[in-house]
Amino acid sequence: MLSQETLDQYRRMTVGERLDLTFEMMRDNTPYLLQGSEDVVARRFELIERENNLRNERILAALSRLQKSSPREVA
């Protein structure tokens, strides 16, 4: 969990600053994703894919519920 101070700092950042921070974190952490044997790396990426798929399914389910609860006319 992030501290309130850290959250406030992120909120004060511009979009560009947040994007730069994101790219920096990706550069710094990508090597760790690739460390280990082929099996370890493959399992790591399978886990990431499962987590992403679950998240996407939940987002789609929530969007579907929202759409059903407040239908709009499509022109």
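For the structure, see preceding data.
Residues numbered from 1 in each chain as written. Predicted model: local features only at pLDDT ≥ 70, side-chain atom pairs only at ≥ 80, totals over all residues. Heavy atoms only, no water.

1. Let's talk about the overall build of the chain
Here is step 1 of the chain: In terms of helices and strands, the chain carries three helices and zero strands.
Here is step 2 of the chain: Starting at the N terminus, the α and β elements of the chain follow one another as α-α-α.
Here is step 3 of the chain: Here the C-alpha radius of gyration of the chain, 19 Å, is well above what a compact globule of 75 residues would show, namely 11 Å.
Here is step 4 of the chain: Dimensions of the chain, computed from C-alpha atoms along their principal axes, come out at roughly 50 × 40 × 25 Å.
Here is step 5 of the chain: Looking at the chain as a whole, 3% of its 75 residues are labelled buried.
Here is step 6 of the chain: Carbon and sulfur atoms make up 56% of the accessible area of the chain, which totals about 7300 Å².
Here is step 7 of the chain: With 12 positive and 13 negative side-chain charges, the chain shows a spacing of 7 Å between the two charge centroids. (Helix = DSSP H or I, 4+ residues; strand = E, 2+ residues; numbered from the N terminus. Rg over C-alpha atoms; globule rule 2.2 N^0.38 Å. Buried < 20%, exposed > 50% of the residue type's maximum accessible area, 1.4 Å probe, protein only. Areas by Shrake-Rupley, 256 points an atom, 1.4 Å probe, with all protein chains shown as cover. Lys, Arg positive; Asp, Glu negative; His and termini not counted. Charge placed at Lys NZ, Arg CZ, Asp CG, Glu CD.)

2. Side note on a negative patch on the surface
Here is step 1 of the chain: A contiguous patch of negative charge on the surface is contributed by Glu17, Asp20, Glu24 and Asp28.
Here is step 2 of the chain: The exposure class of Glu17 is partly exposed, given its relative accessible area of 41%. (Patch = residues over 30% accessible without salt bridge, like charges linked within 9 Å, V, L, I, M, F, W, Y side chains within 5 Å. Salt bridge = Lys/Arg side-chain N within 4 Å of Asp/Glu carboxyl O.)

3. Some points on the environment of Ser3
Here is step 1 of the chain: Residue position: Ser3 is located in the segment before α1 (4–12).
Here is step 2 of the chain: For Ser3, a relative accessible area of 37% gives the class partly exposed.
Here is step 3 of the chain: Within the local environment of Ser3, its side chain forms a polar contact with the side chain of Thr6, the two groups lying 2.9 Å apart. (Polar contact = N/O pair within 3.5 Å; in protein donor to acceptor, adjacent residues only side chain to side chain.)

4. A word on a nonpolar patch on the surface
Here is step 1 of the chain: Residues Ile59, Leu60, Leu63 and Leu66 make up a contiguous nonpolar surface patch of about 400 Å² in total accessible area.
Here is step 2 of the chain: The topology assignment puts Leu66 in helix α3 (residues 38–69).
Here is step 3 of the chain: Residue classification places Leu66 among the exposed residues on the basis of a relative accessible area of 53%.

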